[in-house]
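# Examination of the molecular architecture
Single-letter residue listing:
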Amino acid sequence: MTGSTAGTMDGVPGGPSPAELRELVAAAGAAPSLHNAQPWWFRPAGDGPGVLVFADPARAVPLADPDGRGMLLSVGAALFNLRVAAARLGLPVEELDLAPGPVEPAEPVAVVRFGPRGAAQEPFELAELAEAIGQRHSSREPFGNRDVPEAVIGELIAAAADEDTVLDVLEEAEARRVLALTAEAEARIAGDAARRAETGSWLRAAPAARTGDGIPERALGPQDHEARLPVRDFAGRGPVHAQRFEALPQLATIATRGDTVADWLRAGQAMERVWLVATARGLRVSVLHQAVELPETRWRLRDPDSGIGTVQVVLRVGYGPPGAATPRRSVDDLLRDPAGDR
């Protein structure tokens, strides 16, 4: 695969070199995903300098994510990382197309076209987020009770707005309402034996894990001793492994105006942009995804007063220990030849 793919970009004026193409895909592959399933693959465009971005339904989590919403949020996050890496390499994104409808087999969900080098299309600060890609991890550990400064909150709101989404940092009453919805969803998920088995299939016992995906035990994190924060109980250990978490978690939601495939991809890009900005500012982040997974709780996440769009992501932000790194699939596994060969 590597040899044939490397040749596809040779001679394309202004396009990424074979080494740069691998760097773009490596950055994309470092994105977050539900259960660290990494449901994506990439192919260089055959008709000019660009990259085709594909969802990989074979790596979906069907019980937790039956409509593919979470899969495409993840692919959107990978797409944003690719854009950051391109900015760092001086490859301006001239055109970005998102699939408007259902995911079709062997059809890209996004197409990235590069313009001539030096013709900046992305803000310069996008390249500055490149270092944060390798530092970004989900932190399921307790955070401190230190508030996030208003200036940093403003940066996070602006980051989401840059991706045509709305980030809302929740006040106390709304945060408690969303936590209650998350706890309700977590209880329903924990009571579903099939879903527990699906989640368990993505756990990786160290040091035996060699798959390049899934969640290693070191990344699971504890449960909340006071049961105020409904942390997903991946391993079914319950309160046996518990610590005291922050008194009131600082939550933020990301909402889109619509609820289409393209909106899910936008939300994923916004999530990763917010996450990288937060990481660059010393913040830790984790995703409370349980209420988004269930239709019965997802529609109730919307703020009843503002009612802006559809909530796609619930984030917990704060200051605390970094999360553990999770395994990554190799570039050779993610990058495919335009002719269809591995």
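About the thresholds
- Residues numbered from 1 in each chain as written.
- Predicted model: local features only at pLDDT ≥ 70, side-chain atom pairs only at ≥ 80, totals over all residues.
- Heavy atoms only, no water.
- Salt bridge = Lys/Arg side-chain N within 4 Å of Asp/Glu carboxyl O.
- Helix = DSSP H or I, 4+ residues; strand = E, 2+ residues; numbered from the N terminus.
- Buried < 20%, exposed > 50% of the residue type's maximum accessible area, 1.4 Å probe, protein only.
- Arc of directions from axis to C-beta.
- Polar contact = N/O pair within 3.5 Å; in protein donor to acceptor, adjacent residues only side chain to side chain.
- Pairing = 2+ DSSP bridges.
- 1 Å grid on protein atoms, 1.4 Å probe; cavity = no way out; pocket = protein on both sides within 12 Å on 5 of 7 lines; lining within 4 Å.
- Points joined across faces, edges and corners; volume = space filled by probe spheres on them.
- Nonpolar A, V, L, I, M, F, W, Y, C, P; charged D, E, K, R; others polar.
- Core = buried A, V, L, I, M, F, W, Y, C linked by side-chain atoms within 4.5 Å.
- Contact = heavy atoms within 4.5 Å.
- Axes fitted to C-alpha atoms, helices over the stretch in contact; angles between N-to-C directions.
- Parallel < 35°, antiparallel > 145°, perpendicular 65-115°, else oblique.
- Left-handed = near helix turned anticlockwise from the far one by under 90°.
- Lys, Arg positive; Asp, Glu negative; His and termini not counted.
- pLDDT = per-residue confidence, 0-100.

## Some details on the pattern of salt bridges
In this structure the tally under the stated criterion is 22 salt bridges. Ionic pairing is found between Asp-213 and Arg-59, a salt bridge with its closest N-O pair at 2.3 Å. Residue Asp-213 is found in the loop between β6 (203-204) and β7 (215-216), and its partner Arg-59 is found in the loop between β2 (50-55) and α3 (69-88); the two are separated by 154 residues along the sequence. Ionic contacts of the salt-bridge type, sharing partners, join the residues Arg-83, Asp-162, Glu-163 and Arg-273 into one network.

## Re helix α8 (residues 193-200)
In an α-helix there are 3.6 residues to a turn, and that puts residues three or four apart on one side. Among the residues making up α8, those that are buried are Arg-195, Glu-198 and Thr-199. Considered in projection along α8, the buried side chains sweep an arc of 100° and stay on one side of the axis. Near the N-terminus of α8, the side chain that reaches the backbone nitrogen of Ala-194, with its oxygen 3.0 Å away, is that of Asp-192.

## Details of the pairing of strand β1 (residues 40-44)
For β1, the tally of buried residues reaches five of five residues, placing the bulk of the element in the interior. The pairing of β1 with β2 spans five bridges and is classified as antiparallel. Pairing of Trp-40 across the sheet is with Ala-55, part of β2. As consecutive antiparallel partners, β1 and β2 are separated by five residues, and within that stretch Gly-48 has a phi angle of approximately 145°, a positive value.

## Details of the layout of surface pockets
By volume, the largest pocket is sized at about 640 Å³. Only α3, α5 (130-135), α9 (261-280), β11 (284-287) and β12 (310-318) provide two or more residues apiece to the lining of the largest pocket. Partitioned by chemical class, the residues of the lining of the largest pocket number 17 nonpolar, 13 polar and five charged. Along its surface, the second largest pocket is lined by 21 residues, and Asp-147, Val-148, Leu-170, Leu-248 and Gln-250 are the ones closest to its centre.

## Details of the nonpolar core
Counting 67 residues, the largest nonpolar core has Leu-24, Phe-42 and Phe-114 as its most contacted members. Take this core: its biggest share by element is 13 residues, from α3. Excluding residues within four positions of it along the chain, Phe-42 makes contact with Val-25, Ala-28, Val-51, Leu-52, Val-53, Phe-54, Ala-78, Leu-82, Leu-334, Leu-335 and Arg-336. Ranked by size, the runner-up nonpolar core spans 19 residues in total, among them Ala-175, Phe-245, Ala-255 and Val-292.

## As for the sheet that holds strand β5 (residues 166-169)
Strands sit in the order β5-β10-β12-β11 across an open sheet of four strands; the sheet is antiparallel. Edge strands, defined here as strands with exactly one partner in the open sheet, are β5 and β11. Pairwise comparison of adjacent strand axes, ignoring direction, gives a mean angle of 30° for this sheet. Two strands pair when backbone bridges link them, and strand β10 (residues 250-256) and β12 are joined in this way by seven bridges, in the antiparallel orientation. Bridge pairing in β12 links Ile-254 to Val-313. Against the sheet, helix α6 (residues 150-162) engages β5 and β10, with an angle of about 155° to β5.

## Some remarks on unusual backbone geometry
The residue Asn-36 is not glycine, and still its phi comes out positive at about 55°. In this structure, Asn-36 sits in the loop between α2 (18-28) and β1. Despite not being glycine, Asp-164 has its phi angle at roughly 60°, a positive value. Among the structural elements, Asp-164 can be located in the loop between α6 and β5.

## A closer look at the packing of α2 against α3
Helix packing geometry: the angle between the two helix axes and the distance between the axes. Interaxial distance between α2 and α3 falls to 7 Å at its minimum, and their mutual angle equals 140°. With respect to their mutual orientation, α2 and α3 come out oblique. Remark: the crossing between α2 and α3 carries right-handed chirality. Taking contact as the criterion, the partners of Glu-23, Leu-24, Ala-27 and Ala-28 in α2 are, on α3, Ala-78, Asn-81, Leu-82, Ala-85, Ala-86 and Arg-88. When grouped by side-chain class, the residues that make up the contact of α2 with α3 number seven nonpolar, one polar and two charged.

## Observations concerning the sheet that holds β2
A sheet is described by the order of its strands in space; here four strands give the open sequence β1-β2-β4-β3, paired in antiparallel fashion. Each of the sheet's edge strands pairs with one partner strand only, and the pair in question is β1 and β3 (93-98). The mean angle between the axes of side-by-side strands here comes to 15°, regardless of whether they run parallel or antiparallel. α2 contacts β1, β2 and β4 (110-114) of the sheet and is inclined by roughly 160° relative to β1.

## What about the side chain of Arg-298?
Secondary-structure assignment places Arg-298 in helix α11 (residues 295-298). No salt bridge is formed by the buried Arg-298; its nearest oppositely charged neighbour, Asp-67, is found at 4.3 Å. Among the polar contacts made by the side chain of Arg-298, one reaches the main-chain carbonyl oxygen of Val-292 at a distance of 2.7 Å.

## Notes on the confidence of the model for the protein chain
Here the protein chain averages 88 in pLDDT, and 88% of its residues register 70 or above. Averaged over each element, pLDDT in the protein chain is lowest for helix α1 (residues 2-8) (33) and highest for α9 (98). Within the model, pLDDT remains below 50 along residues 1-12, and this stretch shows 26 contacts once partners closer than five positions in the same chain are excluded.

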